[in-house]
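# Geometric and topological summary
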Amino acid sequence: MKKTLSCLLFLFPFLLQAQQQFKGRVTDAAGLPLDAVTLILSQQNKNLSSALADSGRFTLNYPLAGTYLVSASLVGYQSLSRTITLPNDTLHLILKPDSKQLGLVTITARKPVIERKIDRITFNVENSIVASGGNAWDALGKAPGVQLKSDNTVTANKKEVKLFLDGKPLQLSGDDLAGYLQGLPSDQISKIEVFSNPPAMFDAEGASVVNIITKKSNNQGFNGTLNSAFTQATYGSYNASAAFNYRKDKLNIYGSYGYRYNKKAHDQHDYVTYNTPGNQSFWDSPGYTTFESKNHNYRAGADYQLSDNQILGFLMTGSNRAGNTNTTTPTYVTNNFKNSPDSVLQTNGKTPNRGNLYAFNLNYNLKMDTSGKSLNIDLDYSPYSSTRDQYVDNQTFLPNGFPTATSYHIYTPTLQNIDIYSGKLDYNYKLGKTWNLTSGLKYSSIKSQNNFDFYNNGGVQPVLVAANSNHFEYTENTGAAYTSITGSVGKWTFQGGLRAELTHTRGYSETLDSLNQRQYFKLFPTLFALYKIDDDNELQLNYGYRIERPEYARMNPAKHYANPYSYLVGNPSLQPAFVQNVELGYTYKKDYNITAYYTSTHDVFSNITVQDNVNKLFYDTQANLGLSVNSGIRLSAAFHPTSWWDMTFLSEGYYQQEKSTYLEGSYNYHKFAYDGTTTQSFTIDQKLGLKAEISGTYNSSGIQVIFRADANYNVDAGIKATVLYGQGTIKLAAGDIFYSNNYHISVNYLNQNNGFYQRNDTRNGTLSFSYRFGKNIAASRKRSTSSDEEKQRTQ
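Per chain, residues are indexed from 1 in the order of the written sequence. Owing to the predicted nature of the model, reporting of local features is limited to residues with pLDDT of at least 70; listing and counting of side-chain atom pairs is limited to 80 or more, with chain, interface and lining totals taken over all residues. Hydrogens and water are ignored here; the side-chain numbers use all heavy atoms of the structure.

### Let's talk about the pattern of salt bridges
- Salt bridges, as used here, are contacts in which a Lys or Arg side-chain nitrogen is within 4 Å of a carboxyl oxygen on Asp or Glu. One pass over the full model with this rule turns up 12 salt bridges.
- Among the salt bridges present, the one from Glu583 reaches Arg634, with a minimum N-O distance of 3.6 Å. Residue Glu583 is located in strand β33 (residues 577-588), and its partner Arg634 is located in strand β37 (residues 627-642); the two are separated by 51 residues in the primary sequence. Neither residue differs from the other here; Glu583 and Arg634 are each classed as buried.
- Among the salt bridges present, the one from Arg634 reaches Glu652, with a minimum N-O distance of 3.9 Å. Of the two residues, Arg634 sits in strand β37 while Glu652 sits in strand β38 (residues 645-662), which places them 18 residues apart along the sequence.
- Each residue is placed in one exposure class: buried if its accessible area under a 1.4 Å probe, protein chains only, is under 20% of its type's maximum, exposed if it is over 50%, and partly exposed if it falls in between. A relative accessible area of 7% places Glu652 in the buried class.
- Each of Lys162, Glu205, Arg499, Glu501 and Arg549 takes part in a single network of salt bridges with overlapping partners. Every helix listed is a DSSP run of H or I at least four residues long, and every strand listed is a run of E at least two residues long, numbered separately from the N terminus.

### Let's talk about the environment of Val37
- Within the secondary structure layout, Val37 lies in the loop between β1 (20-27) and β2 (38-43).
- Distance in space between the C-alpha atoms of Val37 and Ser79 is 9.9 Å, their sequence separation being 42 residues.

### Looking at the confidence of the model for the protein
- Confidence of the predictor in every single residue is expressed as pLDDT, which spans 0 to 100. With 90% of its residues at a pLDDT of 70 or more, the protein has an overall mean of 84.
- It only takes one pair of heavy atoms within 4.5 Å for two residues to be counted as in contact. Residue range residues 1-18 is modelled with pLDDT below 50. Its contacts to residues more than four positions away, or to other chains, number five contacts.
- Within the model, pLDDT remains below 50 along residues 100-109, and this stretch shows five contacts once partners closer than five positions in the same chain are excluded.

### Focus: the sheet that holds strand β31 (residues 559-563)
- Here we have four strands laid out as an open sheet, ordered β31-β32-β36-β35, and mixed in their pairing. Edge positions in the open sheet fall to β31 and β35 (605-612), since each of these has one partner strand only. Averaged over all pairs of adjacent strands, the angle between their axes in this sheet comes to 20 degrees, without regard to strand direction.
- Direction of pairing for β35 relative to strand β36 (residues 617-624): antiparallel, over a ladder of eight bridges. Its bridge partner being in β36, Val610 is matched across the sheet by Tyr619. Strands are labelled as partners when DSSP assigns at least two bridges between them. Between the N-to-C directions of two axes lies an angle of 0 to 180 degrees, each axis being a line fitted to C-alpha atoms and, for a helix, fitted only over the stretch in contact.

### Comments concerning the pairing of strand β19 (residues 279-307)
- Sheet topology places strand β18 (residues 251-276) next to β19; 26 bridges connect them, and they run antiparallel. In the strand pairing of β19, Ser256 is matched with Arg299.
- Here β18 folds back onto β19, and the loop between the two strands holds two residues, one of which, Gly278, carries a positive phi near 80 degrees.
- The sheet contact formed by β19 and strand β20 (residues 310-335) spans 23 bridges and is antiparallel. Paired with Trp283 across the strands is Val333, a residue of β20.

### Let's talk about the sheet that holds β1
- Strands sit in the order β4-β1-β7 across an open sheet of three strands; the sheet is mixed. Each edge of the open sheet is held by one strand with a lone partner, namely β4 (57-62) and β7 (90-94). The sheet shows a mean angle of 30 degrees between the axes of neighbouring strands, direction not considered.

Right under this line is the structure:
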């Protein structure tokens, strides 16, 4: 025993030496870490230890101090050998691309900020300095052709939008949509796809489709990202988020969580001129509003590989929002061109609000053979609930500053619950050797319940006014079938599709005892054709027929009062609109495109304003109008003046026509308009990852139904740098530098003379940081669900 112990004590120093390690890192010439590099430590032609680089870092073992040879190799790069003397603190190896293998190895280049494909324009948010670091709503407004309207509606290429998140329709609209996306950090977004003419695989709803795609990890093992940002506008806002992915054997688990505190200011200056014989009354309302919200967004999913060709998956997403809106608006009433007001109506409003959106998806995917034949099944349930407790207090003051005897105090709590059930089946198969077909079935059922109660709040206890309250229930059931075919014949590439939808709707107002039902069956064809003249020249033709269904809030007949003389009310009789769209384009060298287009919308629906000149009442409601036409030419070009400078230009000129009967008359407006967007990207120092970006957008004056909009423009700029060996990114961005992204909307029709000026809190500065961690091999599965189309229309 003593002899054994003596031997161990004698060998102990050598055993310690056998466990010695040294660490190092391996990068490319730009300083970016390289993964899966094979490293071997040898001495006298004998390999002693080896390792695979993980995010550019490695650890090697060696037995004794001395001279060794370390070798590094990676496909696509020149092998490197270096003699080193150990012990040594760290080692930095730099691999150079292997020019002999460039023909065999795909080197991934960075994506441009804007990409154009046959059926879409892609805005790569993760590559945009000015769009990342903020929230998804602001990033959406920077996508080419996308406009965020003053009432928080969204259009793309002058058409109404169906909005998707990861291929799933967001059934939110208006303030709820803006609130949800403002709570989603844009650092979680990879790109935004804008479909001017969506293919048949999408639901027929929406004249255009915008798909927001969140970031997905392409890595195996445990890996993820951490993001944080602070934005300073009138007030400060901040967000933090994290995403992870873990894969082992047949199981893949992934998820994300994001928190955002948001506070913004909003100036809106309304005006109405009431004209009656012998009298003119001008009502001037400069209002100021603050929006404050706390948002939690999260998702968790798992995929399990049942066999080599079968995957079963579950995905849950959620969003919880709590906020408060405070408004103060004085209304100065001046009669017959006097120099001072005859009275002042002071309005103070407070609206605490909450919103909870969830989505549950069960997915089964079967690959039936190696030719591409597959079957995909999705089952979805998505509940949504929201509350708005609005308090409005009004007091009228005389010219001497004394209040009148009458005042107006109301409390209007609103509760909304929406349940969406849907299921879809998609079957992909081949027809011959050159044609791919996709066919599918889908059924969705939507039920929306809206309870609006009206209380007089001027006494000790609120008093319910049943006549002003309203309970509204809306249901919509849609069954759909579609087939899409894609293939090539010679220089031609075709993609055609046909979608059939049978829809039944029912809207019932309990208070008004009003029932509106409708059932309709429609066919929606789409066609894409591309003719390749040669490698540099292509011609494209596409056509689509679409439907625009009104959001649920547009049909709710409850009256939401801002003061005793102004309110907002929906229209339960609102009908869908139908859209025809055709485009003819030419592309040169993939970078330059010119497209002529024509879009007509029949039975277009819109909010409209109505002023009662006799009773001095003003309200905003919804109506189906007549015809809306946009026809024009769209240009896009990408230039690369130097290796460090990329330029993208998008512009269009178009002719607008709005034609309809309205009130006691009719209108037929014509207007030529134009807009443009440019993005300039600069690589200042590639080794440091130092890059800069500046973008600008201009929109000329235009028309939309009875409304006329003034021109506006926007300029953003930013700079970013990579840190922590390429794992971290710091960005500094400035939005709406000249505070010019404002709105002036006006109506001057018959005896209707009103409008508003609106300035949102768009001028801001954002400092953000992002950090990636983990290994880099295969990713969580990207998939959409069957309820994607329905969730956008909730309110």
